[in-house]
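What the coordinates show
Residues per chain are reported as follows:
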2 protein chains.
Amino acid sequence: MTTKTPAKREPLERDKIVAAGIELADDEGVDALTMRRLAERLGFKVMALYNHVANKDELLALMVDAVAGSIGPPSEDDDALEAVRAHAIATREVLVHHPWAPDLWLRFLPGPNRTDHMEHLLATFARSGLPPGVAHHGFHAVNNHVLGYTLQELAMDFIAADSDALATIDLFLASVAPDTHPHTVAHVHQHVDGHTGSSFELVLDLILDGLTRLPEDP
Amino acid sequence: MTTKTPAKREPLERDKIVAAGIELADDEGVDALTMRRLAERLGFKVMALYNHVANKDELLALMVDAVAGSIGPPSEDDDALEAVRAHAIATREVLVHHPWAPDLWLRFLPGPNRTDHMEHLLATFARSGLPPGVAHHGFHAVNNHVLGYTLQELAMDFIAADSDALATIDLFLASVAPDTHPHTVAHVHQHVDGHTGSSFELVLDLILDGLTRLPEDP
DNA sequence: TCGGGATTGCGTACGTTGTACGTTCGGCGA
DNA sequence: TCGCCGAACGTACAACGTACGCAATCCCGA
């Protein structure tokens, strides 16, 4: 009875590794996601992970795909473009909650969940009544807007990560000569003073609206 | 006379290091840009670089800023939105020639050249006659479109880097069930068959056009 | 002409990373 | 009961960024 079931711990599984990876990246940033640290967090040693995951890249790809899986499908009842709009906003929201994800989203081939995500968006465009060519471009326009915009916003946060945002802004402003760069200084102040909100939804609408105005065969 | 000026080589300079870094990243990808390899390419040993550059991050930031410096200023004669359009296209073109740049563009505070780039775009919007709020959002919309779109396109190339593009597409298609994901399969085929060109300019125009249609105070 | 500081380059070394390889061990089918 | 198989582990290695101290060189004032 000495070695029998000695505080038997749960064995490792792929899904648990992926989930722990997401947690770790959320908590401490993707740079802190090291195979050693991840194993430690799970109570194992490094090489145990490699029994379930081919290498770090595969792990990262699985992580993004898991995140993609948490984005709900678009509504099938609403007006198609309204559903596209809601889906875009939902996608962005999920990505914002996992700031490391957009980068990786671009770096790997889509996994099953991201493929679903693609299919959802394409299907919604397909029932929009827009000409096929327009729908094709619309898919890219919306997809790119969501990812690009989120990426850009998160990059700001990342730059300012080791100090508060205002200090970073001051640092930048100190490097800009106001007489030669008046518009830049003014633009930054517009942000600080909060006179202008996020452009995300505004530009999204502008794109969706523009799509309906496009000729049959762009 | 043994050690006297023994094949005197050019001393190292900041600019040369940055230029060599850009070359190396262009030639072999940013992952191959290692302080050791860079020093080797310049004919020095690693630590010599650190007399001119604080650390690798500073080097990378200098590299993007140098790239930004190679983007010409927008025309001041053309119609303002026409100039914005041309500037966006010029920016994209430069970024495409340095596939590693867009990533880093997001990661660091702007240096002098990028600050100029900002000022140029903002100034052009300022003379467009668009209401200030619209111009503010327009700046972000255009900036984001250029960077996001380029990033996304380059990511595709990067994924397919170690095989030809078609093989990568086949790999992806093999993972997609055509009966459950008909739109995805069709969309990919549209790309392969070249029935649809790049959405870049199309969506850019759509954004610019949309801006002129926006209300005074969005 | 002659020091002598300042700059530039170099060698060595450390800690951290991803991961290849060979061994150990516990549980399960025969 | 035996033997096997997969999971976990320990060790090891190459490559990375970079801290630190020393050596060579250059420039400048006396």
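A brief report on the enclosed structure follows. (Residues numbered from 1 in each chain as written. Chains lettered and ligands numbered in written order. Predicted model: local features only at pLDDT ≥ 70, side-chain atom pairs only at ≥ 80, totals over all residues.)

1. Side note on the overall build of chain A
To be explicit about the condition: Here a strand is any run of E in DSSP of at least two residues, a helix any run of H or I of at least four, and the numbering for each starts at the N terminus. Throughout, radius of gyration means the C-alpha value; the globule benchmark is 2.2 Å times the number of residues raised to the power 0.38. Comment: burial labels come from other C-beta atoms within 10 Å of the residue's own C-beta, placed from the backbone, where a count of 20 or more is buried, 12 or fewer is exposed, and between is partly exposed. Two residues form a contact once the distance between their C-beta atoms, set from the backbone, is within 7 Å.
Across its full length, chain A carries 10 helices and zero strands. Written out in order from the N terminus, the α and β elements of chain A read α-α-α-α-α-α-α-α-α-α. The C-alpha radius of gyration computed for chain A amounts to 22 Å, which surpasses the reference 17 Å derived for 218 residues by more than 25%, pointing to a less compact arrangement than a globule. Viewed in the frame of its principal axes, chain A has a C-alpha envelope of about 75 × 50 × 25 Å. Relative to its 218 residues, chain A shows a buried fraction of 36%. Partitioning the contacts of chain A with sequence separation of at least 6, the portion at a separation of at least 24 is 65%.

2. Quick look at the interface of chain A and chain B
Contacts between chain A and chain B engage 41 residues on the former and 41 residues on the latter. Of all the elements in the fold, those that place two or more residues in the side of chain A that touches chain B are helix 5 (101-107), helix 6 (112-126), helix 7 (132-159), helix 8 (165-174), helix 9 (182-192) and helix 10 (200-212) of chain A.

3. Let's talk about the protein's contact with DNA strand D
As a reminder of what qualifies: Near residues are defined by distance alone, with the backbone-placed C-beta atom required to lie within 6 Å of the molecule or strand.
Around DNA strand D, the structure places 16 residues, and the nearest of them are Phe44, Met47 and Ala48 of chain A together with Asn55 and Lys56 of chain B. Among the elements that make up the surface near DNA strand D, the one with the highest residue count is helix 2 (residues 35-42) of chain B (three residues).

4. Points about the protein's contact with DNA strand C
Filter applied, for reference: Note on residue classes: Ala, Val, Leu, Ile, Met, Phe, Trp, Tyr, Cys and Pro are nonpolar, Asp, Glu, Lys and Arg are charged, and everything else, Gly too, is polar.
As a matter of local geometry, DNA strand C sits amid 17 residues, with Asn55 and Lys56 of chain A together with Leu12, Phe44 and Met47 of chain B nearest to it. When its residues are assigned to classes, the surface near DNA strand C shows eight nonpolar, six polar and three charged.

5. Structural notes on the packing of helix 3 (residues 56-69) of chain A against helix 6 of chain A
All names here are of chain A. Selection rule: Every axis in this analysis is a line fitted to C-alpha atoms, fitted for helices over the stretch in contact. Angles between the N-to-C directions lie between 0 and 180 degrees. To sort the angles, those under 35 degrees are grouped as roughly parallel, those over 145 as roughly antiparallel, those from 65 to 115 as roughly perpendicular, and the leftovers as oblique. Note on convention: near helix rotated counterclockwise from far helix by under a right angle means a left-handed crossing. Clockwise means right-handed.
Relative to each other, helix 3 and helix 6 sit at 40°, their axes nearing to 7 Å. By the angle between their directions, the pair helix 3 and helix 6 is classed as oblique. Of the two possible hands of crossing, helix 3 and helix 6 adopt the one that is left-handed. Within the contact between the two elements, helix 3 uses Asp65, Ala68 and Gly69 and helix 6 uses Pro112, Asn113, Arg114 and His117. Per-class residue counts for the contact of helix 3 with helix 6 are two nonpolar, three polar and two charged.

6. Observations regarding the environment of alanine 165 of chain B
All names here are of chain B. Within the secondary structure layout, alanine 165 lies in helix 8 (residues 165-174). You can call alanine 165 partly exposed: it has 14 C-beta atoms within 10 Å. Note: C-alpha distance between alanine 165 and proline 102 (63 residues apart in sequence) is 21 Å.

7. Looking at the relation of the copies chain A and chain B
To keep it simple, the criterion reads: The superposition of copies rests on a least-squares fit of C-alpha positions from residues with pLDDT of 70 or more in both.
Turning chain A through 180° and shifting it by 0.0 Å along the axis lays it on chain B, with an RMSD of 0.0 Å. Expressed as a symmetry operation, the mapping of one chain copy onto the other fits a two-fold axis. No C-alpha of chain A approaches the rotation axis more nearly than that of glycine 148 of chain A, which lies at 2.1 Å.

8. Some thoughts on the nonpolar core
Quick reminder of the rule: One nonpolar core equals one set of buried Ala, Val, Leu, Ile, Met, Phe, Trp, Tyr and Cys residues connected by C-beta atoms within 7 Å.
The biggest cluster of nonpolar side chains holds 92 residues, and the ones touching the most others in it are Met63 and Ile207 of chain A together with Met63 and Ile207 of chain B. Methionine 63 of chain B has contacts with Val18, Gly21, Ile22, Ala25 and Leu104 of chain B, leaving out every residue within four places of it along the chain.

9. A word on the environment of alanine 80 of chain A
Residue and element names in this part refer to chain A. Mapping alanine 80 onto the fold places it in helix 4 (residues 80-97). Along the chain, alanine 80 and serine 128 lie 48 residues apart, while their C-alpha atoms are 4.9 Å from each other. Beyond its immediate stretch of four places on either side in the chain, alanine 80 contacts Thr124, Arg127 and Ser128.

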